[in-house]
Structure formats: C-alpha cells, structure tokens
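Residue-level structure breakdown
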Amino acid sequence: MTRDHAQPAAQAASTLAVDRRSFLGYVVAGTTLVAAAEMTGGLLDPAAAAPGVPQPAELYDLNDLLTHAAAPTADLITVTVHDDGTASFALPRMEVGQGITTSTAMLIAEELEMPVEKVRVTLADARPELLFNQLTGGSNTTISTYTPIRVAAAVAKGALLEAAAVLLGDTIESLVARGGVVQAPDGRSATYAELARAAASSTTRPVRVQLKDPAQFRVVGVGHSRVDALEAVTGRKQYATDLHVPGALPTMVCRAPTLNGTPRRLRNERAILAMPGVRDVALVDTGVAVRAETFGQCIDAIRAMDVAWADGPVAGLSDDDVVEELRGAELPLPRLPDTPLAKTVEVDVLFYFRSNSAMDTNSAIADVRADRATVWAGLKSPIVAQQRVAEELGLPQDAVTVHVVQGGGSFGRRLFFDGALEAAKISRAMGKPVKLMWHRADDARVGRGHPMATSRVRAVHAAGQVLAFQQSHTSIETDFRHGLGEIISANLADLPTGLGNLGFAETIFELTQEVPYDFGVITQTLTETDDRFNTGSMRNIYSPDVRTAGELAVDRLAEAMGSDPYTFRRSHLRNARVRAVLDTVAKHGRWGRPMAPGTAQGIAIHKEYKGCSACLVEIDCRPEQTGREIRDGVGGPRVTKVVFAIDVGLVVNPRGLEAQMQGGINDGIALALTSSMHLRDGHFLEASWDNYFYTRQWNTPPEVEVLIMPSDSGQPGGAGEAGVAATFAAVACAYARATGEVPAYFPINHRDPLEFRVKPFVPPIPQSPTNGRKLVW
C-alpha cells in the first residue's frame, strides 16, 4: 500500500505486509481507553540502501539488533486515555537527562491530536515480560519506540473517533480530532474526557490504523522545552535519594583502599555503633555498611572505622603496568605488499582510563522482607536487575518489585545495577529498609569507567590512491554482563573464561564501527584483555577512541598525499549524507581561514546509529593560553570554537537534539584534553568531580554552533551519543596541527605531575566540607 493508493480495510486487516504508515494495533480491554501496537511485521530492511561493498555496520548495526529484539513485545506497551482528558504512558526506558520523556510525550501528542502538556510520561517498573524491550542504551530509545508509540496513540485516537461518531451521530470520516477535542461538521463536539470511558473496550480486539503523514506533523519536528524543565530548575525533580520510603534511613559503605578489595572484619564495631545517629552496621561483600539518621553521620562513622581488608585483584598495579599488558596483547597488523611505489602512514595512540560517573550519585533504596523485596533505583536494565536481586535473595522473580527512578546523567553507567544489588544485600543483612548513597569517591574509584585502550592504524597509499586502511583496537575488557537487559543473555555474557563477554564485545564492535571512506581494503579488529577492572559502555562505547585514531590517520594521509584535510576527506567519502555534514561545518566554520601560530582548525566526521556528524573546531595552544592559572582546575589548550553538524534523519525535538550535541561536544573536549583516571598501586586517584577534570566553564568554547541537517527520512536515528566521537577526533586533529605533533596518548594532560592533591584512601572518603560558602564564585 502506498500513500496514494489505499487498499480496502478488510484486505489491510488480513495481512502484515504493510507500508511504513499502515500498522496493526489493539484496543485493549479496560474501563478506560487503552491502546497497544503490533510490531512483528512491517520492519524496514536495514540493508536497503547500503552502497558498494559495505562493512557489517552498514548492513546491520547495533540499532537494528536492539530494535528487532524489542519488536516482538511492542504490543505490551500501551497508551491510556483517562476520563480527565489526559493520556498516560509508562515508558519502558530510563530518563537520565537525555529528554526521552519529552520526545515520547511529543510523539503521543502528535498522533493522538492533543496538547503535549496533557500527556503524562512515567518510567515503567521492571517488566520481565518485555524481554529485550526495557534496555536503555545504544542511542536506541527513539528509534525502537518511534513507531510502536505512534501506533498505540493512533489506535487510541481511532477508538475515540468511533465513540464520538456514536455520541455525535455522525460518520468517523466527517469528524476532526484536534487539541483533545473531536468536532463534527455542524460544530458539535466532545472532549477526550467525555469519550474516554465510551471508547473503552470490554475485549481486546485488533484494529488497522494509518499513521499520520510526516508532512502533516505539527508537534514533531518543532522545538519543545523539556517537560520536566520546571522541576529541574526549581529542585523539585526527584532522584533516588529524594524519595521517602518509610524506615529507609541513610546508608553508606566503607570501601577497601584497593580496587574491589573485600572486608575481613570491622575491628571497632562497638565504637561505631555508639556514634551519634548510627543505627546499624553490617559486613557485605563490597565493604562495611552503616545506617544512620543522616548521611553526614554515615560519613563520620565510615571515617572512624578500623577495617581489616583483603586486597583487590589489581593491588599494586599502576598505569604503566596496564599499558605494558595492553602492548603485550596487541595483535600484529597484517603485512602489506612490499612495493617501492607504496608508502605507509601509521598512527599509534594510547587512551587512559576514564570515569563513567553520573552527575547524581549511584543510589538506591531497598526494602527486603522474608518473602518479598522492593527496590527503587535509576536503572537502564531493570529486568536483569530484578532477576539478579531475586537470585541473590533466593526469592521468586515476581516477589521482587523494581521501580525505575529517573537519573541525572548516565551514558552507560546505569546499565549496571551495582547500587540496587548492594542496597538489597545491605537491607537483608540489617533486616531493615535502607537508602543507600555512594559517595562521590566511591563512584570515581570503584564505579564503572571507560577501559584503557590502544588503537593502531596503518594505511598504505600509492599513485594518489589509498590502497588499504587497517585498524587494530586493543582494550581492557568492556563489561557487557548486563546482556541485552535480561538474565539469559546476561548469563551468556558471564560464561567462564571471559569468552561470553568477548563474544558480546566483538559483536558490538562489528555492529558499531565503520570507516566511511573509499580506502581500498578496510579492516578493523578488536582485542580485549583483563577482566579485573570495573568497566562499562561509557557514552558511545568504542567509537570515540576508534574514530579519533582513525581521523588522525586520515589527516596524516592527507598530508602525505599533498592534500588539504577537508578536501581529502570530501574526495574519499562514499556516503552523501556524511559529505553533506562535512561540507556544512567547513562552510559555517570557514575552514582554511588564516590562523595565528600555535592555533589551528581541526575537522572530523563520524557515522553511526543511522546518523552522521561532522565537527570543526579551533584550538589555542599558545603559552598565554596553556599557562593560565585556574583555581582548583586545569588550564592547558582551549577549544575556542566548535561548529557541529548532525544528521539523524527525522528529528522529533530539535531543541532536545541541540542540547544533546552540546553535551556531547563537551564530552569530546574532555576526552581529548583533560579527563582521565590515574591508576596507582591498585587504586584510582581521582575521587570526585573536583579532581576529575571534565570540561568546565573556563575551557568550554566561547563559540558553539550546532547545525541540524534537513532530512527527508521518515525514521529517526540515534542521537544520545552522536556528539562525542567527531568532537574528540576534531580536537585531536586540531591539537596535532597546532603543535606539529600527533599526540601519543589522550587526554593530553594525563602524565605526571598530577595537577591535584590526592584524597586519602584510608579513610576512603573525605570529610564533608564546612567552608562551602567560601568556595562559591
């Protein structure tokens, strides 16, 4: 069926061979109107537009995998219209600041023809029946939910129109729904509030719906403020530690001085229990937990503890030891033809550990009883969290309730549920509800991080052609033991010897990495080693490091072949969308303009998650810039200008997309210049945001321009991570051009001497500050 030639309704209802706007849905039995989508048919062929000889990610990428995995249970998520005229939807994903509750409300409002303000989007509890359809990751939320949500909303609108036709005595075709009201040609009308109960069905029945033509969109594609913006700026937005659960007192954990060390005993338990406010103390496998009337009293108790520790598995190791291990694990790059006409360009870059700490602390509330348990936490994989908690407590899965709470940042960190599992263990040990909060030092030192890695590139060119481009990425293991969000795939990832996790790693690497240039024979390989560190899928997973090493090699190829970096990229790109974003940043950023000595422009591209991006930056590496003194911070080179172009296909909320890119830009700058973790003697030195140097106000670019590309695509692409890789790569290229040297490692300020005073490891957390007002700017 096409837009211009609709087949009869009876024929449409008998087949799943549907077009992009015709879908099957359900009116679900209930007292008010509930509607769901059917998504087992009608999925697009991911390889339909793959040009030439593509790499695996061009044929079938990570988003295809996640979307297809979610499709079979899409009909289990529903849009409900209430008798107060509002609509509600429990989103089976986690809001962590990326704006998906806003974009979801916009999709429902668009298809249901009602104001965004009347759509309430909440976060669904763990629902094991959804299987793979409750994992938040891979920039996949909008891609995988875009059509199911629209179908459910369209089914609801159809049911409302049917009810209105009966009430108003007119035909469905003559009625118009707009702004939460159905109007007849003679001016009579009925509100959704009046129709909700009449539209409800006593049985679940299938219906065929036609989705709105994107050309008729009035909400989607128009910038909209965040639906939770007012709560965020007034401090009313609630995270896990803001929730009030009866009896759940503040709880914290004293942790070992070496990574993943374990407690043997608390030598002064009686003295700790006698401290003001302290109610309970318990040993768990991760440390010594204390429950008190306030978090301040928890901190005081932890600082007073005398604990006998067993060293963790990396005790005594430092950065140099891990680098040596990585170098030993590197596979030889393939030998290239020995011909006098061919010349070789090589790049070898080291990327240090980086923290994946979120803005709000890793926290959870747990109330464990003999026959049941309830957990509240920010979780991007709540199903496997529920299943692991049940497994740990020896309870049936359905005896554990997991409530998903919004978070302040994540970008991979909340895929792991260590806080929720730890809270459940502590509650069981104490026999009481607990409100667990990790200290900033806990998350920095024993939380999840981006693994240390090396990335080597060897490219061969002759007679004005690039004949081969080979990239070998060697990394400390990236932990994927959360699986695809449920326990079966999580168990597969946790198979002995690390082979299960390696299978996940290799698959995700193949489904995300591509080199969109005509560079002859292209190979990209991944080798991972050492599972003793706490790692995870930090924002954009492998792409920032892989793309940065690759784009540095592209710059070197351009120089070796006597070409300008922009012109060289443009002439070798094989994808028109990537070429368009590259041209856009070059034009708006005035590529090639005269620059003072010690300053330079850098340009880079990235293609992933059904979208593509390009970034142009200008950097200042002059002594007057790098030598500036900054209180409690680091100076160094500064990116003074960023022009970023993004094409993610159909854009639901342009304002939200621009904000996502601004955050990704700051991430990329931090990875290139300032942000890393220093491993010394078995522990990481950084202990909070004050000495983990993310991009701060003093090194944020004064000029940032985000350009959203027009698109005729009817489908959205992934946006949550799209700003990082191209920015990191562009800053690296700009730095190399400004200084005349390709960096050997990132971030460029990682090496000694340290630019901060190391906080103690015993006690493991610092004293709470008492001079906060003196530190306010």
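Residues numbered from 1 in each chain as written. Predicted model: local features only at pLDDT ≥ 70, side-chain atom pairs only at ≥ 80, totals over all residues. Heavy atoms only, no water.

Here helix α16 (residues 543-560) is 18 residues long and its end C-alpha atoms lie 25 Å apart, about the 26 Å a rise of 1.5 Å per residue gives. Counting buried positions along α16 yields 15 of 18 residues, so the element is predominantly enclosed. Backbone geometry just after α16 places Gly562 at a positive phi near 70 degrees. (Helix = DSSP H or I, 4+ residues; strand = E, 2+ residues; numbered from the N terminus. Expected span 1.5 Å × (residues − 1). Buried < 20%, exposed > 50% of the residue type's maximum accessible area, 1.4 Å probe, protein only.)

Read across the sheet, 7 strands follow the order β12-β13-β10-β20-β17-β18-β19 without closing on themselves; strand pairing throughout is mixed. Each end of this open sheet is capped by a strand with a single partner; those strands are β12 (278-284) and β19 (400-404). Taken pair by pair, the neighbouring strands of this sheet meet at an average axis angle of 20 degrees, ignoring direction. The pairing of strand β17 (residues 363-368) with strand β18 (residues 373-377) spans 5 bridges and is classified as antiparallel. Counterpart to Ala364 in the pairing with β18 is Ala377. Here helix α11 (residues 382-393) sits on the sheet and contacts β17, β18 and β19; the angle it forms with β19, its principal contact strand, is near 145 degrees. Lying on the sheet, helix α12 (residues 418-430) is in contact with β10 (249-254), β12, β13 (287-292), β17, β18 and β20 (434-437); it crosses β17 at an angle near 35 degrees. (Pairing = 2+ DSSP bridges. Axes fitted to C-alpha atoms, helices over the stretch in contact; angles between N-to-C directions. Contact = heavy atoms within 4.5 Å.)

Moving on, we get to the packing of aromatic side chains. Across all of its chains, the model carries 14 aromatic pairs by this definition. An angle of 75 degrees between the planes, with centres 5.9 Å apart, marks the rings of Tyr352 and Tyr745 as edge-to-face. On the criterion of sequence distance, the pair formed by Tyr352 in the loop between β15 (343-351) and β16 (354-355) and Tyr745 in strand β31 (residues 745-746) is long-range, its members being 393 residues apart. The exposure class assigned to Tyr352 is buried, which follows from its relative accessible area of 1%. Accessibility expressed as a relative area gives 18% for Tyr745, which makes it buried. The interplanar angle of 40 degrees and the centroid separation of 4.9 Å between the aromatic rings of Phe353 and Phe533 together place this pair among those described as tilted. With a gap of 180 residues between them, Phe353 in the loop between β15 and β16 and Phe533 in the loop between β24 (521-529) and α16 connect regions that are remote in the sequence. (Phe/Tyr/Trp six-rings, centres within 6.5 Å; stacked < 30°, edge-to-face > 60°.)

What the domain assignment reports for the protein chain is domain 1 (16-234), domain 2 (240-313 + 362-437) and domain 3 (319-355 + 448-746). Relative to domain 3, the C-alpha centre of domain 2 lies at a distance of 36 Å. Taken together, the contacts link 17 residues of domain 2 with 23 residues of domain 3. Carbon and sulfur atoms make up 60% of the surface buried where domain 2 meets domain 3, a total of about 1600 Å² over both sides. In terms of surface lost to domain 3, no three residues of domain 2 exceed Leu259, Phe411 and Phe416, which account for 39% of the buried area on that side. Taken together, the links from domain 2 to domain 3 amount to 0 salt bridges. Between the two partners, domain 2 and domain 3, sit 9 residue pairs in polar contact (both at pLDDT 80 or more). Here the element with the most residues in the side of domain 2 that touches domain 3 is α11; it accounts for 5 residues. Of the residues contributing to the side of domain 2 that touches domain 3, the split by class is 8 nonpolar, 5 polar and 4 charged. (Domains from an automatic or database assignment. Buried area = accessible area lost by both parts, 1.4 Å probe. Salt bridge = Lys/Arg side-chain N within 4 Å of Asp/Glu carboxyl O. Polar contact = N/O pair within 3.5 Å; in protein donor to acceptor, adjacent residues only side chain to side chain. Nonpolar A, V, L, I, M, F, W, Y, C, P; charged D, E, K, R; others polar.)

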